[in-house]
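Breakdown of the fold
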Amino acid sequence: MEKATTYFGLIFIGLLFGSAHADLKLGFYAQSCPKAEQIVSEFVKKHIPNAPTLAASLLRMHFHDCFVRGCDGSVLINSTSNNQAEKAAIPNQSLRGFGFIDNLKALLEAACPGVVSCADTLALAARDAVVTIGGPFWNVPTGRRDGTISNATETLNNIPAPSFNFTQLQTSFANKGLNLTDLVLLSGAHTIGITHCGPLTFSNRLYNFTGKGDQDPALDSEYAANLKKNKCRSLSDNTTIVEMDPGSFRTFDLGYYKLLLKRRGIFVSDSSLTKNSFTNAYVSKLVDGPVSEFFKEFALAMEKMGRVEVKTGSIGEIRKKCAVINS
């Protein structure tokens, strides 16, 4: 009975999504700010080639935004003396690119004051940044409005952690109306990502997996030895940078999935994708297919994620500055 209730609850959530994103549409700003998307594209194309790793950062920021209160730009809001915002939460402390979005928003405000939301600015910038480094293009229907609430605790409760097992991942994504296919595809963004050593990310897999000074047996032993020798030399190292897709972390390709099948996914959450028959088979299918198929499927998953719990119509606001709620 409990499973049935959960199932129907997810259907109900799906129905809510259906009505929530009805107002998003391609070219939403065609009349109100005709050059909005051009301004974003030109700014991104000018700056991302000089800082290509920022593409992964903006993509991650978009993901973290959508998983907390939907894609409403709440991840961009600064903390105040009375409120610890999403930025302050541990999963977001390593995010980069806030200044990039602020500068881009300033250009949009200069062209069309009070028209283009920060949520749309982030969604468009993430897409254009990925395209600029040679990754896939996806449609970004616009019309999102900005949220007025940003809470650090909600971040911890909603963003899937690197330590999540398969069941936790499945539940986290289902809570946002995303299925197992979306889980595999969106995880593919790790093909251009970097992370840091540390027990909150993955160092416990090398040094203290079950609290007994042991190593995670699911992690390839040769890869683990290499990480210990050349990267994370102790459990307490929180600063050393590690590529999630060693060898091609600047290239949007199938390298991440190939590593998963070799038991070289760096997070427990990565490794978890091979623990389920459906997701493991889907990873294998992607690896065996052309990269163009991955691009096509990833694009669909990104557009779907970009619709999660969006605010449209009269809900929310259009923030003048992305880091500050309108007074």
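Residues numbered from 1 in each chain as written. Predicted model: local features only at pLDDT ≥ 70, side-chain atom pairs only at ≥ 80, totals over all residues. Heavy atoms only, no water.

As a further point, take the overall build of the chain. A tally of helices and strands in the chain yields 14 helices and two strands. Taking 327 residues into account, the globule formula puts the C-alpha radius of gyration at 20 Å, and the chain, at 20 Å, falls close to it. Projected onto the principal axes, the alpha-carbon positions of the chain cover approximately 55 × 55 × 45 Å. Taking all 327 residues of the chain together, the buried fraction comes to 49%. In the chain, 75% of the contacts between residues at least 6 apart in sequence involve partners at least 24 apart. Just so you have it, the chain exposes about 15,000 Å², and 55% of that area is on carbon and sulfur atoms. Charge separation in the chain, taken as the distance between the mean sites of 34 positive and 29 negative side-chain charges, equals 3 Å. (Helix = DSSP H or I, 4+ residues; strand = E, 2+ residues; numbered from the N terminus. Rg over C-alpha atoms; globule rule 2.2 N^0.38 Å. Buried < 20%, exposed > 50% of the residue type's maximum accessible area, 1.4 Å probe, protein only. Contact = heavy atoms within 4.5 Å. Areas by Shrake-Rupley, 256 points an atom, 1.4 Å probe, with all protein chains shown as cover. Lys, Arg positive; Asp, Glu negative; His and termini not counted. Charge placed at Lys NZ, Arg CZ, Asp CG, Glu CD.)

Looking now at the packing of aromatic side chains. Here the structure, examined in full by the defined rule, presents 14 aromatic pairs. For the pair F28 and Y29, a centre-to-centre distance of 5.1 Å together with 90° between the ring planes defines the contact as edge-to-face. Considering the side-chain rings of F294 and F295, the 6.1 Å spacing of their centres and the 65° angle between planes classify their relative orientation as edge-to-face. Clustering of aromatic rings is evident, with ring pairs tying together W138, F252, Y256, Y257, F294, F295 and F298. (Phe/Tyr/Trp six-rings, centres within 6.5 Å; stacked < 30°, edge-to-face > 60°.)

Under the local residue numbering, the UniProt record ascribes the feature "binding site: substrate" (unreviewed entry) to P160. Within the fold, P160 resides in the loop between α6 (152–158) and α7 (166–174). Judged by its relative accessible area of 15%, P160 falls in the buried class. Excluding residues that lie within four positions of it along the chain, P160 makes contacts with F63, F67, L169, S172 and F173. (UniProt positions renumbered as here; feature names shortened; annotations may be inferred.)

Let us now look at the state of the cysteines. All chains considered together, the criterion is met by four disulfides. Across a sulfur-sulfur distance of 2.0 Å, C33 and C112 are joined as a disulfide pair. Taking the torsion about the sulfur-sulfur bond, which here is approximately 80°, the covalent link between C33 and C112 counts as right-handed. Here C33 is found in the loop between α1 (2–20) and α2 (36–47), whereas its partner C112 is found in the loop between α4 (98–111) and α5 (118–132), with 79 residues between them in sequence. For the pair C33 and C112, one class covers both residues: buried. Paired through a disulfide, C118 and C322 show a sulfur-sulfur distance of 2.2 Å. Residues C118 and C322 are joined through a disulfide that is left-handed, its torsion about the S-S bond being -100°. (Disulfide = S-S within 2.5 Å.)

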